[in-house]
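Summary of structural features
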Amino acid sequence: MESWLKFVDDEKRRLIFGNEETFEAAKAYDKKRTVHAGIRGKNVEADKTMSVWQAEAKAKHSFEDACVYINIPFCQTKCTYCGFFKNLSDASLIDDYTEALTGEIADAKNTPLYSHGKVRAVYIGGGTPGTLSAMQIEKMLKAVRESLPLSNDCEITFETRTYQFGADKIQACVDNGVNRFSLGVQSFDTKARRAIGRVDAGEKVMEMVSRLISMKEASVSLDFIFGLPHQPVETFLNDIHTADCLGVDGMAVYQLNVFEGGKMDEGIKKGKTEAVPETSRQYEYHSAAYEMLSDMGYSQLSMSHWVRGTLDRSIYNRFTKSGCVLHAFGAGAGGRTENYGYFVHPAVTPYNMMRAKGIKPVMGLSEKNIMSGLYEFINGQMDTGILRFDTAERLFGINLKSFFSPLTESWEKRGLVTVGERTMRLLPAGQFWYVNMTQALLDILELIHSQGVYEPVSDKIAAQG
Ligand code: SF4
């Protein structure tokens, strides 16, 4: 049962187990090692991508639930910490893009893959979906509602920042089915906002949030980042308090990732940007937020998302974290079928050109790993903070409790989890490290599956140390 240990040398052991010599929760691992936990599939050869995709799109499918992701790859300005920025907004480029995107969505009607099952959640993200005009938003949402098999209670999320997201755009959203707004606020503190390249002052953001809440047409969830420049713990807690007073339905709190070589990393190195807390100090922010949100009666939908009441269901995140089929539309969007992961061409001009020829611009395809069902199960469970061993045994015939025991016993000793008969629960300290811990579980399974050939991932996303 402990046979996987034979594939783990000292370096891999440190990535998987973390710092076994310390009981200090803040130092349980060196730093976060990937944005999302996962195991990549095997790439389909480039010259076969299109034919394999076309066969998959036409094939008979058996899934019941699906989600949809639509990417709007434009932003008005680039935030210094961002690893997702693609294009500065440009009115004529956005116009052509909306035309192409609407066509891609409309084509779904005649594609067996997209007309199968029920779409339980649609997420319009980016970039900044609020860079579209009110008319473009309306056009895109009409195509979604006319061309995809949305369930009666389908969650339609519009993610945006508040800058230039005026009343006409908000109205276009709610008139065309948006029932959830996810706003990337990051902080209400104007000094912290300006340090990361945000334009609106905190007060303006608060006004916008209040306006959206008072409409009572959609749930409102805010994203916050902790560990920003000029953001002591008190400022971060003040953001949470302000959001609570404004009456939001949910909030997601994320730790800052400083991408090596990115704008923020360079700014800090050149002394132009204030240095940000190291990972072990980010832990203070996490535990303070955990205590405050629990104390205010919020409950956790995931390791980062807290809600009060039942209006913010965050269905998209819950379904997609557990491996649900995901239909992707728009340049740079990533999706998955039952058999493949795929992504759409990320550059707008080639994307538009391919759409003009009526082609779905799939650029990359990877075959799902034979173990992907189990990996997705673990990923989805860890994101809720509870890994059910009994369910894994029933679904996959594997006794994860005993299989993972060398690792989970070490975690338990270090105060990261509690292990019971049927479940492993992440304690608050474990919740801070849950991405590393989830990746560790997947790494072990993949090491066995590949007979030791697999190399655990270690991305450069915590340049602050
Ligand atoms: S608005 Fe979002 S996607 Fe655009 S640069 Fe800022 S963080 Fe990145």
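Calculation rules
- Residues numbered from 1 in each chain as written.
- Predicted model: local features only at pLDDT ≥ 70, side-chain atom pairs only at ≥ 80, totals over all residues.
- Heavy atoms only, no water.
- Domains from an automatic or database assignment.
- Contact = heavy atoms within 4.5 Å.
- Buried area = accessible area lost by both parts, 1.4 Å probe.
- Salt bridge = Lys/Arg side-chain N within 4 Å of Asp/Glu carboxyl O.
- Polar contact = N/O pair within 3.5 Å; in protein donor to acceptor, adjacent residues only side chain to side chain.
- Helix = DSSP H or I, 4+ residues; strand = E, 2+ residues; numbered from the N terminus.
- Nonpolar A, V, L, I, M, F, W, Y, C, P; charged D, E, K, R; others polar.
- Buried < 20%, exposed > 50% of the residue type's maximum accessible area, 1.4 Å probe, protein only.
- Near = heavy atom within 4 Å.

Observations regarding the domain arrangement of the chain
Examined at the domain level, the chain breaks down into domain 1 (3-39 + 371-449) and domain 2 (46-321). Relative placement of domain 1 and domain 2: their C-alpha centres are 28 Å apart. At the junction of the two partners, domain 1 supplies 21 residues and domain 2 supplies 15 residues. Among the residues of domain 1 in contact with domain 2, D383, Q431 and F432 are the three that bury the most area, contributing 41% of the side total. A salt bridge links D383 to K321, with the shortest nitrogen-to-oxygen separation between them at 3.5 Å. Across the contact surface, domain 1 and domain 2 share five residue pairs in polar contact (both at pLDDT 80 or more). For the side of domain 1 that touches domain 2, the elements supplying multiple residues, two or more each, are α14 (372-384) and α18 (428-432). With six residues, α14 is the single largest residue contributor to the side of domain 1 that touches domain 2. Residues that form the side of domain 1 that touches domain 2 fall into these classes: 10 nonpolar, five polar and six charged.

Describing the environment of L148
With respect to the element layout, L148 can be found in the loop between α5 (134-147) and β6 (150-160). The class of L148 is buried, set by a relative accessible area of 6%. Considered as a pair, L148 and A106 are 42 residues apart in the sequence and their alpha carbons are 8.2 Å apart. Apart from residues lying up to four places away in sequence, L148 is in contact with V68, I105, A108, Y114, A143 and F329.

What to know about the side chain of N352
Summarising the element assignment, N352 is placed in helix α13 (residues 348-356). Not counting chain neighbours up to four residues away, the residues in contact with N352 comprise L93, D96, Y97 and A100.

Quick look at the pattern of salt bridges
Enumeration according to the criterion identifies 24 salt bridges in this entry. For the salt bridge of K12 with E455, the shortest nitrogen-to-oxygen distance reads 3.6 Å. Here K12 is found in helix α1 (residues 10-17), whereas its partner E455 is found in the segment after α19 (434-449), with 443 residues between them in sequence. Judged by its relative accessible area of 10%, K12 falls in the buried class. Taken together, the shared-partner salt bridges connect D65, R120, D153 and R313 into one network.

Here we look at the site of the ligand
Contacts to the ligand come from C75, T77, K78, C79, Y81, C82, F85, G127, T128, R161 and R198. Residue classes in the shell around the ligand are distributed as five nonpolar, three polar and three charged.

What about unusual backbone geometry?
Omega for the peptide link from G126 to G127 comes to 20°, which places this bond in the cis form. Mapping G127 onto the fold places it in the loop between β5 (118-126) and α5. With a phi angle near 70°, Q186 is a residue other than glycine that sits in the positive phi range. Its place among the elements puts Q186 in strand β7 (residues 180-186). The backbone phi angle of S314 is positive, close to 50°, even though this residue is not glycine. You can see S314 is positioned in the loop between β11 (305-307) and α12 (315-321). Take S314: its relative accessible area is 4%, and that puts it in the buried class.

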